[in-house]
Amino acid sequence: MQPWSSVPVPQVPGQPRPLHLFDTAAGEIRPTEPGAVARMYVCGITPYDATHLGHAATYLAFDLIHRVWLDNGHQVHYVQNVTDIDDPLLERANRDNEDWIVLAMRETALFREDMEALRVVPPTDFVGAVEAIPEIVEAVGKLLSSGAAYRVDDEHPDIYFRHQATGRFGYESHYDEATMRALFAQRGGDPDREGKEHPLDALLWRAARDGEPSWDSELGAGRPGWHLECSVIALNRLGLGFDVQGGGSDLIFPHHEFSAAHAESLTGEHPFAKHYVHAGMIGLDGEKMSKSRGNLVFVSRLRGDRVDPMAIRLALLDGHYRTDRSWTADLLTGGAARLARWREAVARDAGPAAEPTVQRLRERLSDDLDTQQALRAVDEWADAALAGGGDDPAAPTLIRTAVDALLGVEL
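Our subject in this report is the structure included herewith. Here the structure is a predicted model, which means the values were calculated and not measured. (Residues numbered from 1 in each chain as written. Predicted model: local features only at pLDDT ≥ 70, side-chain atom pairs only at ≥ 80, totals over all residues. Heavy atoms only, no water.)

## Focus: helix H3 (residues 100-117)
Since there are 3.6 residues in each turn of an α-helix, residues three or four apart along the chain are aligned in direction.
In step 1: Taking 1.5 Å of rise per residue, 18 residues should cover 26 Å, and H3 covers 26 Å from first to last C-alpha, within 8% of that figure.
In step 2: If you check which residues of H3 are buried, you get Trp 100, Leu 103, Ala 104, Glu 107, Thr 108, Phe 111, Asp 114 and Met 115. Along the axis of H3, the buried residues cluster in a sector spanning 120°; they form a single face.
In step 3: If you follow the buried residues of H3, they end up packed against helix H1 (53-71), strand S4 (75-82), helix H2 (87-95), strand S5 (125-128) and helix H8 (299-304).
In step 4: The backbone nitrogen of Ile 101 has a side-chain oxygen 2.7 Å away, supplied by the residue at the start of H3, namely Asp 99. (Helix = DSSP H or I, 4+ residues; strand = E, 2+ residues; numbered from the N terminus. Expected span 1.5 Å × (residues − 1). Buried < 20%, exposed > 50% of the residue type's maximum accessible area, 1.4 Å probe, protein only. Arc of directions from axis to C-beta. Contact = heavy atoms within 4.5 Å. Polar contact = N/O pair within 3.5 Å; in protein donor to acceptor, adjacent residues only side chain to side chain.)

## A closer look at the nonpolar core
In step 1: Leu 53, Ile 65, Trp 327, Trp 381 and Leu 407 are the most contacted members of the largest nonpolar core, which totals 69 residues.
In step 2: Looking at this core, the element that brings in the most residues is H1, giving 11 residues.
In step 3: With 43 residues, the next largest nonpolar core counts Tyr 41, Ile 159, Ala 234 and Leu 235 among its residues. (Core = buried A, V, L, I, M, F, W, Y, C linked by side-chain atoms within 4.5 Å.)

## Examining the sheet that holds strand S11 (residues 273-279)
In step 1: Here five strands make up an open sheet; going across it, the order is S5-S4-S3-S10-S11 and the pairing parallel. The open sheet has two free edges, formed respectively by S5 and S11, since each of these has just one partner strand. Put simply, the sheet's adjacent strands are angled 20° from each other on average, direction ignored. (Pairing = 2+ DSSP bridges. Axes fitted to C-alpha atoms, helices over the stretch in contact; angles between N-to-C directions.)

## Focus on the packing of H2 against H3
Pairs of packed helices are described in terms of their axes, by the angle between the two and the distance that separates them.
In step 1: Two elements in contact, H2 and H3, have axes separated by 9 Å at closest approach and are oriented at 110°. Comparing their axes, H3 and H2 come out roughly perpendicular. The interaxial crossing formed by H2 with H3 has right-handed handedness. Contacts between H2 and H3 pair Leu 89, Leu 90, Arg 92 and Ala 93 from the former with Trp 100, Leu 103 and Ala 104 from the latter.
In step 2: Classifying every residue of the contact of H2 with H3 gives six nonpolar, no polar and one charged. (Parallel < 35°, antiparallel > 145°, perpendicular 65-115°, else oblique. Left-handed = near helix turned anticlockwise from the far one by under 90°. Nonpolar A, V, L, I, M, F, W, Y, C, P; charged D, E, K, R; others polar.)

## Side note on the environment of Gly 222
In step 1: With respect to the helices, strands and loops of the structure, Gly 222 is situated in strand S9 (residues 222-224).
In step 2: Under the relative-accessibility criterion, Gly 222 is labelled buried at 0%.
In step 3: If sequence neighbours within four positions are ignored, Gly 222 has contacts with Trp 205, Arg 206, Ala 207, Ala 208, Ser 214 and Trp 215.

## Topic: empty space enclosed by the protein
In step 1: Taken as a whole, this structure holds one cavity of 30 Å³ or more when the rule is applied.
In step 2: When its volume is computed, the largest cavity comes out at roughly 70 Å³.
In step 3: Considering the residues around the largest cavity, the lining is formed by Ala 57, Leu 60, Ala 61, Leu 64, Leu 316, Leu 317, Gly 319, His 320, Tyr 321, Arg 325, Leu 369 and Thr 371.
In step 4: Where the lining of the largest cavity is concerned, the elements lending two or more residues are H1 and helix H9 (309-317).
In step 5: Element by element, the count of residues in the lining of the largest cavity is highest for H1, at four residues. (1 Å grid on protein atoms, 1.4 Å probe; cavity = no way out; pocket = protein on both sides within 12 Å on 5 of 7 lines; lining within 4 Å. Points joined across faces, edges and corners; volume = space filled by probe spheres on them.)

## Considering the sheet that holds strand S8 (residues 202-207)
In step 1: The sheet built from four strands is open, its strands ordered S6-S7-S8-S9 with antiparallel pairing. Edge positions in the sheet fall to strand S6 (149-151) and S9, since each of these pairs with one other strand and no more. Across the sheet, the axes of successive neighbouring strands diverge by a mean angle of 25°, strand direction being ignored.
In step 2: Of the pairings in the sheet, the one linking strand S7 (residues 159-161) to S8 comprises three bridges and is antiparallel in character. Paired with Tyr 160 across the bridge in S8 is Leu 203.
In step 3: Together, S7 and S8 form the strand contacts of helix H7 (residues 252-267), whose direction differs from that of S7 by roughly 95°.

## Topic: the pattern of salt bridges
In step 1: By the definition in use, this model includes 34 salt bridges.
In step 2: Between Asp 404 and Arg 119 there is a salt bridge, and its shortest N-O distance comes to 3.2 Å. You can see Asp 404 sitting in helix H13 (residues 395-407) and its partner Arg 119 sitting in the loop between H3 and S5, a full 285 residues away along the chain.
In step 3: Given the relative accessible area of 9%, Arg 119 is considered buried. (Salt bridge = Lys/Arg side-chain N within 4 Å of Asp/Glu carboxyl O.)

## Observations regarding the packing of aromatic side chains
In step 1: Scanning all chains against the criterion turns up 14 aromatic pairs.
In step 2: Geometrically, the ring pair formed by Phe 161 and Phe 258 is edge-to-face, given 6.5 Å between the ring centres and 80° between the ring planes. Linking Phe 161 in strand S7 with Phe 258 in helix H7, this pair joins segments that are 97 residues apart in sequence. Taken individually, Phe 161 and Phe 258 each receive the classification buried, so the pair is uniform in this respect.
In step 3: Following the ring pairs from residue to residue traces out a cluster consisting of Phe 161, Phe 169, Tyr 175, Phe 184, Phe 253 and Phe 258.
In step 4: The residue whose ring lies beneath Arg 322 is Phe 22, and the NZ or CZ to ring-centre distance is 4.2 Å. (Phe/Tyr/Trp six-rings, centres within 6.5 Å; stacked < 30°, edge-to-face > 60°. Lys NZ or Arg CZ within 6 Å of the ring centre and 35° of its normal.)

## A word on unusual backbone geometry
Trans is the common state for peptide bonds, and a negative phi is the common state for residues other than glycine.
In step 1: Omega for the bond connecting Phe 253 with Pro 254 falls within 30 degrees of zero, at 5°, which places this linkage in the cis form.
In step 2: Considering the arrangement of structural elements, one finds Pro 254 in helix H7.
In step 3: Backbone torsion omega between His 270 and Pro 271 reads 0°, so that peptide bond is classified as cis.
In step 4: Secondary-structure assignment places Pro 271 in the loop between H7 and S11.
In step 5: Positive phi outside glycine occurs at Asp 368, with the angle close to 55°.

As structure tokens, this is what we get:
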């Protein structure tokens with residue numbers, strides 16, 4: 001697949017700060033220590049609906065990681081998938097009497113438009129599950145050969161992964177088995193499937209059913225399970241031990257736990273990623289934002305209402321990325337007001353010295369993406385500039401450049 005158009009990221013004068021991030025597996029903030037090329041995999045959308053603000057908040061968080069690494073002089077190899085074949089997509093297509101391929105293509109195109117409007121730096125590799133099926137088939141074959149996978153012996157000989165194949169299952173989430181079983185049932189798993197060796201064993205290959213799309217292969221006709229696609233796409237493009245695997249906190253279990261287990265079983269090595277990084281959930285006016293409640297707020301609709309995407313970006317950054325938080329009309333109003341104030345300040349001929357502000361901006365972002373305090377640093381500079389303080393003619397340009405490069409906001 002083709003990603004969206006690239007965004008130029010300017011260089012910022014001064015001293016960068018190495019990035020520290022909270023690692024879910026370790027339970028603490030740790031330094032990221034990439035080599036010359038920083039490697040990141042972020043789980044993408046299942047394209048049965050438009051980009052809502054929960055998606056946007058997640059991808060903005062990893063966009064900041066991308067930008068801080070660029071500021072530190074790293075090249076970034078960023079990989080993102082699209083789950084363009086899975087049950088939720090097929091269910092939506094059936095509900096709306098629509099071709100699932102057309103639905104996936106349309107919603108993926110809209111996602112690209114939203115990401116481009118929000119000025120998210122695109123991934124190096126943007127890979128659909130469908131185009132990765134030959135790689136997935138090969139991986140399932142290896143797992144069968146090693147004994148990490150088995151077939152259920154019934155009329156639908158699906159292939160499952162033995163969840164304890166590596167002996168490390170659970171190291172990422174640290175959940176107990178009761179919690180795992182509950183979340184597995186809620187998030188696409190099938191703990192009650194007859195014929196499985198254990199309720200937590202995960203689907204690798206779903207044998208063909210009437211009325212469902214399938215692909216012929218040496219495994220038999222079928223389609224891939226969800227978790228393995230990310231294992232395979234990441235391994236084949238980034239290798240094992242890449243710097244960050246990311247996504248929303250609802251992916252900690254089962255998706256990321258199984259992605260790591262699959263990959264580590266395939267390679268016999270550990271860990272899948274050096275950091276497991278997860279963004280919090282976005283609610284609406286104090287309630288969880290979800291399809292079932294019908295209260296999703298879509299980026300495309302806000303754009304259709306002529307909301308400046310930079311105001312959306314600022315509103316979503318006004319909260320820590322790991323915190324579950326609520327979207328409100330006041331938050332968007334505040335983002336728009338902040339954007340207008342910053343733009344007015346950098347339009348002046350001079351302002352207070354910008355170097356201390358840029359340094360604070362870097363310091364706050366390097367500390368587990370403390371965006372709220374990063375925004376406050378720019379607020380203080382803008383307030384001083386609008387009050388007539390400072391006579392540095394270079395300051396407005398430096399602030400504009402730093403806000404663009406580090407926060408992704410075009411002033």
